[in-house]
Amino acid sequence: MTGTGRDHTFQEIRPVRALQTPAFELTEIREHQGFAEHDRRLEELAREAAVQAASRSELLLAPLVDSLSEMTLDLGDEFEDLLEDARANVREENHTVARELLEEYLERYPEHQEARYLRAYCLFRLDGEDQEEALRILRPLRDEPLEAGLRDRVGELRRELRRRLTPGEISAYSRTVGNDPRAALTRLETYLELAPEEGTLSCLLALGQARDGDLDKALATAERGAAEADGDKEHVAALARRLRLALLAPAVRPAVDALKRGALYEARAALSGIEPRLRDCVVLGDLDAFIGRLIVRPSEPAVPPLPADRLEDLHSLIAEPDTQQATRLMNAGRLEEAENLLARQMSLVPGFAWLNFLYAVCLLRLGRPDEAAACAETARRDPTITQAEDLLKVIRLQQDAVLINPVVAEYVEIMQSLGGGTSADRLGALRSRLALLERRLPELRRGARTDAGAQALQDLGKEIRDRLTDFGEAMAVSGLFETYDRVMSTVQGGVRSDQQADRLAGSLDALATEIKAVSRRPGQTAATRERLDELAKIVSARRGELDRVKTSLKVSDLVRRFNRLAEEQTSPYTLLAGTDPHRVRTELAAILEQATRLRRGARSTLEDRDRTLLDDLIGAITRTLR
């Protein structure tokens, strides 16, 4: 009998994945021509316009002609009856007749405000191609002094007309601007004259004009939009500021270059030399004050106490050209050069949100997420930097990855070291390493900055707990297999005696009892139960083999005793000295009794050869004793 000769290996579980961090792609553009920004914004607006056109819900406006009649002048002639008839037809929804009456009335009184409003209302309700004409009629009324009731009706009707017409204008601009940008800009400019409240269109038109190279016209469009828009006002105002800075930048470049070299008096002199038409700009006064503060306190960062928008303009005027250069360097993969350039600007204008945004992108790509996070937090305070929030999320993920992925890598290394078979002692050592790893998780959870990081740690914790359970089970099973191999190693040369067989039987019985005890433990995996069942079968098989070996040893012992008696009867000494027939018969009877009892009681453990020997022995003794 020998051992199993098997290598009992721990079944490896697939390790958890490391925390994956997406790359951040810089899509914000600060070039004042606004090419990419124009196209991106137009694409967004075109999608929105298509949705609005497909799902437009009609807003039915009531003209409240009874109320309006109270505001009308009493003209005292036949034309007043004409207006009354028009009102009556509007009330009865005979809009075609009402429009004809109103047109006749307006030939006599073209400035009559209620009549103009009612004519526009009729065109609106007829819902044909005259919707834009209705908006054109109402355009002067927007700026004229009106009675409160009529002013509300004019405003309400203009909003509804804009709601209907603006998506179509955006779609038309989108279709035309690629092939005929001048015609597209002219049409959009014409429509914006009718609807100056559309701040989004002011932004789009100004961006298109800037892209076309006309910065002066673009600035005028943006400034008008900032003054008159009732939607998207902040964005159009921010664009106006950027365009104003773009016009100033060439003139102020000598002063800014001198400032960056530290030649502060030269910078001031260059400012004083700017042509008069530009010198009246507020930001130039702020730049002059900024240089003055540096002259007085050169060792301290110059952070002038300005409103946020003026401070942003000042920072842009100083650092915008270098931020654009840094962007080009980053896009070319020259990150170290970009970082050096941006760092110099940070020392001069540390509060510039756009500069902080670019610096954060650069630091992230250089693998310095902690420094990048501080800059991204500053950039996030500027609502116009739309990518700042996404950047901060990526940075937070990167920070979590720096903390979490080494722990995941260690877990993976522990699991990979299980291949090729592992002893109980080795499993114990690996289990201790896993336990130490588990004790580090609470601190990592407290430091996690993202939901993905927290989830990765939760998954890792579950995996470690599961593996600790698996290791505990595997250690118990491997220990049982090692005990089995150790027991069987004592009989590598085979079982030679009853005493040796009894010792082996006792060891196997004890091992079988231990296997049963381990099998009763709750919560075991299917793999553990399978291996315990496998070992139990092996032990049972060996125990059955041992019973057959013990029976074979008994048969051999009986045959040996019989042969010894036979040899004694034929030896020369026995023939000379004589034998004791009684003793011989007694011993033969004892052998026969034991052989007969063994033949009856050990049928299941008798090998064919031993059964034949036993039968021959019983027959020979029986014949001898007759």
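Values in this document were obtained by computation on a predicted structure and should not be read as measured data.

### Brief notes about the overall build of the protein chain
Phase 1: Helices and strands together make up the secondary structure of the protein chain, namely 26 helices and zero strands.
Phase 2: The buried share among the 626 residues of the protein chain stands at 45%.
Phase 3: In the protein chain, of all internal contacts separated by at least 6 residues, the share reaching a separation of at least 24 is 69%.
Phase 4: Accessible surface for the protein chain amounts to roughly 32200 Å². Of this, 50% is attributable to carbon and sulfur atoms.

### What about the packing of aromatic side chains?
Aromatic rings in a pair are described by how distant their centres are and how their planes are angled relative to each other.
Phase 1: On inspection of all chains with the given rule, the structure shows four aromatic pairs.
Phase 2: A centroid spacing of 6.1 Å and a plane angle of 50° characterise the contact between Tyr121 and Phe124, whose relative ring orientation is tilted. Here Tyr121 and its partner Phe124 are both found in helix H5 (residues 113-126), three residues apart, which amounts to about one turn of the helix. Taken as a pair, Tyr121 and Phe124 share a single burial class, namely buried.
Phase 3: Pairing Trp354 with Phe357 gives two aromatic rings, centres 5.2 Å apart and planes at 20°, and the pair type is stacked.

### Describing the nonpolar core
Phase 1: If you look at the biggest cluster of nonpolar residues, it comprises 56 residues, and the most contacted ones within it are Val252, Leu259, Leu287 and Phe357.
Phase 2: Mapped onto this core, the elements with two or more residues apiece are helix H11 (233-261), helix H12 (264-272), helix H14 (282-296), helix H15 (308-331), helix H16 (335-348), helix H17 (353-365), helix H18 (369-380) and helix H19 (388-416).
Phase 3: In terms of residue count, the dominant contributor to this core is H17 (eleven residues).
Phase 4: Contact partners of Leu259, with chain neighbours within four places excluded, come to Leu264, Ala267, Leu287, Phe290, Ile291, Leu294, Ile318 and Leu348.

### Details of the packing of helix H25 (residues 581-601) against helix H26 (residues 608-625)
If you want to describe how two helices pack, look at the angle between their axes and the distance between the axes.
Phase 1: At their nearest, the axes of H25 and H26 sit 10 Å apart, and the two run at 145° to each other. When you trace H25 past H26, the crossing you get is left-handed. For the pair H25 and H26, contact is made by Arg585, Leu588, Ala589, Ile591, Leu592, Ala595, Thr596, Leu598 and Arg599 and by Arg611, Leu614, Asp615, Leu617, Ile618, Ile621, Thr622, Thr624 and Leu625, respectively.
Phase 2: Across the contact of H25 with H26, the residue classes tally to eleven nonpolar, three polar and four charged.

### Some thoughts on helix H9 (residues 199-211)
Phase 1: For H9, built from 13 residues, the straight-helix expectation of 18 Å at 1.5 Å per residue is met to within 8% by its first-to-last C-alpha distance of 18 Å.
Phase 2: Extensive coverage of H9 is indicated by the burial of twelve of its 13 residues.
Phase 3: Turning to H9, its buried residues are Gly199, Thr200, Leu201, Ser202, Cys203, Leu204, Leu205, Ala206, Leu207, Gly208, Gln209 and Ala210.
Phase 4: Gly213 lies just past H9 and shows a positive phi near 95°.

### Details of the confidence of the model for the protein chain
Phase 1: Per-residue confidence for the protein chain gives a mean pLDDT of 80; residues scoring 70 or more make up 84%.
Phase 2: This stretch, residues 1-15, has a pLDDT under 50; its non-local contacts, to residues over four places away or in other chains, come to 44 contacts.
Phase 3: Per-residue pLDDT stays below 50 along residues 31-35; that stretch engages in 15 contacts with residues further than four places along the chain or on separate chains.

### Digging into the pattern of salt bridges
Phase 1: In this structure the tally under the stated criterion is 40 salt bridges.
Phase 2: One salt bridge connects Glu103 with Arg119, and the closest N-O pair in it is separated by 3.6 Å. Remark: Arg119 occurs in helix H5 and Glu103 occurs in helix H4 (residues 95-108); sequence separation between them is 16 residues.
Phase 3: For Glu103, a relative accessible area of 30% gives the class partly exposed.
Phase 4: In the salt-bridge network here, residues are joined through shared partners; they are Arg139, Arg142, Asp143, Arg158, Arg162, Glu193, Glu197, Glu198, Arg224, Glu228 and Asp230.

### What to know about unusual backbone geometry
Phase 1: Of note in the backbone geometry, Glu93 takes a positive phi value of approximately 65° without being a glycine.
Phase 2: Residue position: Glu93 is located in the loop between helix H3 (78-91) and H4.
Phase 3: When its relative accessible area of 53% is taken as the criterion, Glu93 is described as exposed.

### Thoughts on the packing of H15 against H17
Phase 1: Running from N to C, H15 and H17 cross one another at 25°; their axes reach a closest spacing of 8 Å. What the angle tells us is that H15 and H17 run roughly parallel. Handedness of the crossing formed by H15 with H17: left-handed. The residues of H17 that touch H15, namely those facing Glu312, Glu320, Thr323, Thr327 and Met330, are Ala353, Trp354, Leu355, Leu358, Val361, Cys362 and Arg365.

### Some remarks on the environment of Ser519
Phase 1: Topologically, Ser519 is positioned in helix H22 (residues 498-519).
Phase 2: Residue classification places Ser519 among the partly exposed positions, given a relative accessible area of 34%.
Phase 3: Expressed as a C-alpha distance, the spacing of Ser519 and Arg529, which sit ten residues apart in the sequence, is 6.8 Å.
Phase 4: In this structure Ser519 touches Gln524 and Leu532, once residues within four positions along its chain are discounted.

### What about H22?
Phase 1: The end-to-end C-alpha separation of H22 is 31 Å, in line with the 32 Å expected for 22 residues at 1.5 Å each.
Phase 2: Among the residues of H22, those classed as buried are Gln500, Ala501, Leu504, Ala505, Leu508, Leu511, Ile515 and Val518. Down the axis of H22, the buried side of the element spans an arc of 145°, and every buried residue falls inside it. Among the exposed residues of H22, those pointing more than 90 degrees away from its buried face are Gln499, Arg503, Thr513 and Lys516.

### Describing the environment of Leu460
Phase 1: With respect to the secondary-structure elements, Leu460 resides in helix H21 (residues 451-489).
Phase 2: Looking at Leu460, the relative accessible area reads 0%, which means it is buried.
Phase 3: Sequence separation between Leu460 and Ile404 is 56 residues; the distance between their C-alpha atoms is 9.5 Å.

Each value, and the rule that gives it
- Residues numbered from 1 in each chain as written.
- Predicted model: local features only at pLDDT ≥ 70, side-chain atom pairs only at ≥ 80, totals over all residues.
- Heavy atoms only, no water.
- Helix = DSSP H or I, 4+ residues; strand = E, 2+ residues; numbered from the N terminus.
- Buried < 20%, exposed > 50% of the residue type's maximum accessible area, 1.4 Å probe, protein only.
- Contact = heavy atoms within 4.5 Å.
- Areas by Shrake-Rupley, 256 points an atom, 1.4 Å probe, with all protein chains shown as cover.
- Phe/Tyr/Trp six-rings, centres within 6.5 Å; stacked < 30°, edge-to-face > 60°.
- Core = buried A, V, L, I, M, F, W, Y, C linked by side-chain atoms within 4.5 Å.
- Axes fitted to C-alpha atoms, helices over the stretch in contact; angles between N-to-C directions.
- Left-handed = near helix turned anticlockwise from the far one by under 90°.
- Nonpolar A, V, L, I, M, F, W, Y, C, P; charged D, E, K, R; others polar.
- Expected span 1.5 Å × (residues − 1).
- pLDDT = per-residue confidence, 0-100.
- Salt bridge = Lys/Arg side-chain N within 4 Å of Asp/Glu carboxyl O.
- Parallel < 35°, antiparallel > 145°, perpendicular 65-115°, else oblique.
- Arc of directions from axis to C-beta.

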